[in-house]
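Residues per chain, in single letters:
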Amino acid sequence: MRSPYEILSVSAILFLFSGLSLTTACNKALCASDVSKCLIQELCQCRPTDENCSCCKECMLCLGSLWDECCDCVGMCHPKNYTDTPPTSKSTVEDLKDSVPSLFKALTEGDESLANWSIVSFPVSEERSHHENLVSFLETLEESQHKDVSLPGNSIRSGYNPDKDRMCTVVYFDDCMSMHQCKKSCQSMGSSKYRWFHNACCECIGPECTDYGSKSVKCVNCMV
């Protein structure tokens, strides 16, 4: 005959896995043992949505070093979704000191077939469009607090666009590289800025660009 503790253990584990079937992000292989232990001890029975999360600290202490990986298994944090933000959608940018515009221009003109990179050019107005629209919207909101403003007829950016004919040129290295190597490589070709995507694609940004180049990943051997 099973002891009450064994019955409780089995019940807790069954409860755990019935819940895990609904939370597909929960790492069952890593968390099952420790989560079942905490459930058996009734240390993770409350929820952060309650007015008083009375058991949250005790549950965190019970899970210990596995809290980050397993808190979603006990409903203490939002389920992790590893597919909604792929590495190609995130990037790190930085301005580079002592850029050499003439060097960058010389390296990006003419035949690129012998280099291990791709050159992409697009109008500066496209690069700035999102930023300009945001600034325009915020400034219009600020003005509307003091007087009546008609949004369609009071576009503060509707006049001549000095960036219309300017081109932003960027360079994508073919192969993946570390962020340190990306910065170093962009400095060596006179770039003013660089963008390092979190899939290890490196983009060097030319001096004519007014923002941080393109947000698209175009490294031919580093697209994942």
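- Named according to an unreviewed UniProt entry, the protein is Twisted gastrulation BMP signaling modulator 1a originating from Erpetoichthys calabaricus.
- Under the UniProt heading Sequence similarities (unreviewed entry), the entry covering the protein gives this text: "Belongs to the twisted gastrulation protein family."
- In UniProt, the protein has this text filed under Subcellular location (unreviewed entry): "Secreted".

## As for the state of the cysteines
Stage number 1. Under the counting rule described, the total for this entry stands at eleven disulfides.
Stage number 2. What pairs with C31 in a disulfide is C70, and their sulfur atoms sit 2.0 Å apart. Judged by the sign of its S-S torsion, about -85°, the bond between C31 and C70 is left-handed. Of the two residues, C31 is situated in helix α2 (residues 28–40) and C70 in helix α4 (residues 67–70); the sequence distance between them amounts to 39 residues. For the pair C31 and C70, a shared accessibility class is recorded, and that class is buried.

## Structural notes on the nonpolar core
Stage number 1. Formed by 28 residues in total, the largest nonpolar core has its most connected members in V170 and C204.
Stage number 2. Taken together, the elements giving at least two residues each to this core come down to β2 (117–123), β3 (167–173), α7 (179–188), β4 (193–197) and β5 (202–205).
Stage number 3. One finds V35, C38, C62 and C71 within the second-largest nonpolar core, a separate group that totals 19 residues.

## As for unusual backbone geometry
Stage number 1. Its identity is not glycine, yet E42 carries a phi of approximately 55°, on the positive side.
Stage number 2. Looking at the secondary structure, you find E42 in the loop between α2 and α3 (56–63).
Stage number 3. A residue is classified by how much of its surface remains accessible, and E42, at 56% relative accessible area, is exposed.
Stage number 4. Backbone geometry places A200, a non-glycine residue, at a positive phi of 85°.
Stage number 5. Assessed through its relative accessible area of 15%, A200 is described here as buried.

## Considering the side chain of T108
Stage number 1. Mapped onto the elements of the fold, T108 is located in the loop between α5 (101–107) and β2.
Stage number 2. The contacts of T108, once residues within four sequence positions are left out, are I119, T169, V171 and M189.

## Considerations on the packing of aromatic side chains
The relative placement of two aromatic rings is captured by the distance of their centres and the angle of their planes.
Stage number 1. Scanning the model with the defined rule gives one aromatic pair in all.
Stage number 2. Each ring, one from W117 and one from F173, has its centre 5.8 Å from the other, and the planes form 90°; the classification is edge-to-face. In this pair, W117 sits in strand β2 while F173 sits in strand β3, placing the two residues 56 residues apart along the sequence.
Stage number 3. Taking the relative accessible area as the measure of exposure, W117 reaches 15% and is therefore buried.
Stage number 4. In this structure, K193 is placed above the aromatic ring of Y212, and the distance from its NZ or CZ to the ring centre is 4.8 Å.

Thresholds applied
- Residues numbered from 1 in each chain as written.
- Predicted model: local features only at pLDDT ≥ 70, side-chain atom pairs only at ≥ 80, totals over all residues.
- Heavy atoms only, no water.
- UniProt positions renumbered as here; feature names shortened; annotations may be inferred.
- Disulfide = S-S within 2.5 Å.
- Helix = DSSP H or I, 4+ residues; strand = E, 2+ residues; numbered from the N terminus.
- Buried < 20%, exposed > 50% of the residue type's maximum accessible area, 1.4 Å probe, protein only.
- Core = buried A, V, L, I, M, F, W, Y, C linked by side-chain atoms within 4.5 Å.
- Contact = heavy atoms within 4.5 Å.
- Phe/Tyr/Trp six-rings, centres within 6.5 Å; stacked < 30°, edge-to-face > 60°.
- Lys NZ or Arg CZ within 6 Å of the ring centre and 35° of its normal.

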